[in-house]
Structure formats: C-alpha cells, structure tokens
Amino acid sequence: MDLKLNGKKALVFGSSAGLGRAVAQSLLNEKATVFLNSRSADRLLQSVKELNAQGGVLADLTKAQEAGLATSEAISKMNGL
C-alpha cells in the first residue's frame, strides 16, 4: 500500500523493540525518513543499523524533560520533522 510517505520525516519513540520498532519499520517500508529512539544506547545503535534508519536519539521517556530534548535533537539533525 502506498501511503504517500516518501520523503516525509518521522521520529518514533520507543522504536528499538516491540510496537515502536514495528511502526518504524512500517514507515521505512513506505520510504519515510525515520529517526529512532531508545533509552539504551546499545539497542538504539543496533536498531538504527538493522533498520537502516536515518539515525537515532537517546532518551528515557520516563523523564518528562527528555522527550522534548529528544524531539528538538531529531528536528535539528533531520532539518525538521
């Protein structure tokens, strides 16, 4: 199915495993540019490599301020979302 996401940019939180990773994979399959997130540096790097994502941002979403910082970092690195 073509969802017309080619060239669109996305930041997917919690994307190193489970549902978040499945969402990231689906967006990548639709040719979107995807930035991943994890609270584990090892899992983040592994997921970026395995999924061939644009990059990733380390953030622990159990800490309220980190979500905003992660979003700002992704916007900066991707030149927008």
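Note: the structure precedes this text.
Residues numbered from 1 in each chain as written. Predicted model: local features only at pLDDT ≥ 70, side-chain atom pairs only at ≥ 80, totals over all residues. Heavy atoms only, no water.

Colleague: What's the story with the overall build of the protein in this structure? I'm lost.
Modeller: For the protein, the helix and strand inventory stands at 3 helices and 3 strands. Oriented by its inertia axes, the alpha-carbon framework of the protein measures out at about 35 × 25 × 20 Å. Counting only residues that meet the buried cut, the protein has 36% of its 81 residues in that class. For the protein, contacts bridging at least 24 residues in sequence account for 43% of all contacts bridging at least 6. About 5100 Å² of surface is accessible on the protein, with carbon and sulfur atoms providing 53% of the total. (Helix = DSSP H or I, 4+ residues; strand = E, 2+ residues; numbered from the N terminus. Buried < 20%, exposed > 50% of the residue type's maximum accessible area, 1.4 Å probe, protein only. Contact = heavy atoms within 4.5 Å. Areas by Shrake-Rupley, 256 points an atom, 1.4 Å probe, with all protein chains shown as cover.)

Colleague: Would you mind going over the pairing of strand β3 (residues 55–58) with me for this structure?
Modeller: Each regular strand shows side chains that alternate between the opposite faces of the sheet. Bridge count for strand β2 (residues 33–38) against β3 is 4 bridges, and the pairing is parallel. Opposite asparagine 37, over in β3, you have valine 57 as the bridge partner. The parallel pair β2 and β3 is bridged by helix α2 (residues 41–51), and the resulting crossover is right-handed. (Pairing = 2+ DSSP bridges. Right-handed = clockwise from strand over helix to strand, strands pointing away.)

Colleague: Sorry if this is basic, but what is going on with helix α1 (residues 18–29) here?
Modeller: Turn by turn, an α-helix covers 3.6 residues, leaving residues three or four places apart pointing in a common direction. For α1, which comprises 12 residues, the first-to-last C-alpha distance of 17 Å matches the rise-based estimate of 16 Å (1.5 Å per residue) to within 8%. Among the residues making up α1, those that are buried are Gly20, Ala24 and Leu28. The arc that holds every buried residue of α1, seen down its axis, measures 75°, which confines them to one face. Every exposed residue of α1 that faces more than 90 degrees away from the buried side is listed here: Gly18, Leu19 and Asn29. In this structure, the buried side of α1 is in contact with β1 (9–12), β2 and α2. Looking one or two places after α1, you find lysine 31, whose phi comes out positive at around 70°. (Expected span 1.5 Å × (residues − 1). Arc of directions from axis to C-beta.)

Colleague: Hey, could you run me through the environment of alanine 53 in this one?
Modeller: Assignment of secondary structure puts alanine 53 in the loop between α2 and β3. C-alpha separation for the pair alanine 53 and glutamine 25, spaced 28 residues apart in sequence, amounts to 8.8 Å.

Colleague: In this structure, what is going on with the layout of surface pockets? I would like to understand it.
Modeller: A water-sized probe, rolled over the atoms, reveals where empty space remains. Of the voids in this model, the largest pocket is the one considered here, and its volume is about 190 Å³. What lines the largest pocket is a set of 13 residues, and nearest its centre among them are Gly14, Ser16, Ser38, Arg39 and Ser40. (1 Å grid on protein atoms, 1.4 Å probe; cavity = no way out; pocket = protein on both sides within 12 Å on 5 of 7 lines; lining within 4 Å. Points joined across faces, edges and corners; volume = space filled by probe spheres on them.)

Colleague: Would you explain the packing of α1 against α2 in this entry?
Modeller: Packed helices, taken two at a time, are described by their axes: the angle between them and the distance between them. Between α1 and α2, the least distance of the axes is 11 Å, while the angle of their chain directions is 30°. Our classification of the angle between α1 and α2 gives roughly parallel. With respect to the hand of their crossing, α1 and α2 are arranged in right-handed fashion. Only Ser47, Glu50 and Leu51 of α2 make contact with α1, whose side of the interface consists of Arg21, Ala24, Gln25 and Leu28. In terms of residue class, the contact of α1 with α2 is made up of 3 nonpolar, 2 polar and 2 charged. (Axes fitted to C-alpha atoms, helices over the stretch in contact; angles between N-to-C directions. Parallel < 35°, antiparallel > 145°, perpendicular 65-115°, else oblique. Left-handed = near helix turned anticlockwise from the far one by under 90°. Nonpolar A, V, L, I, M, F, W, Y, C, P; charged D, E, K, R; others polar.)

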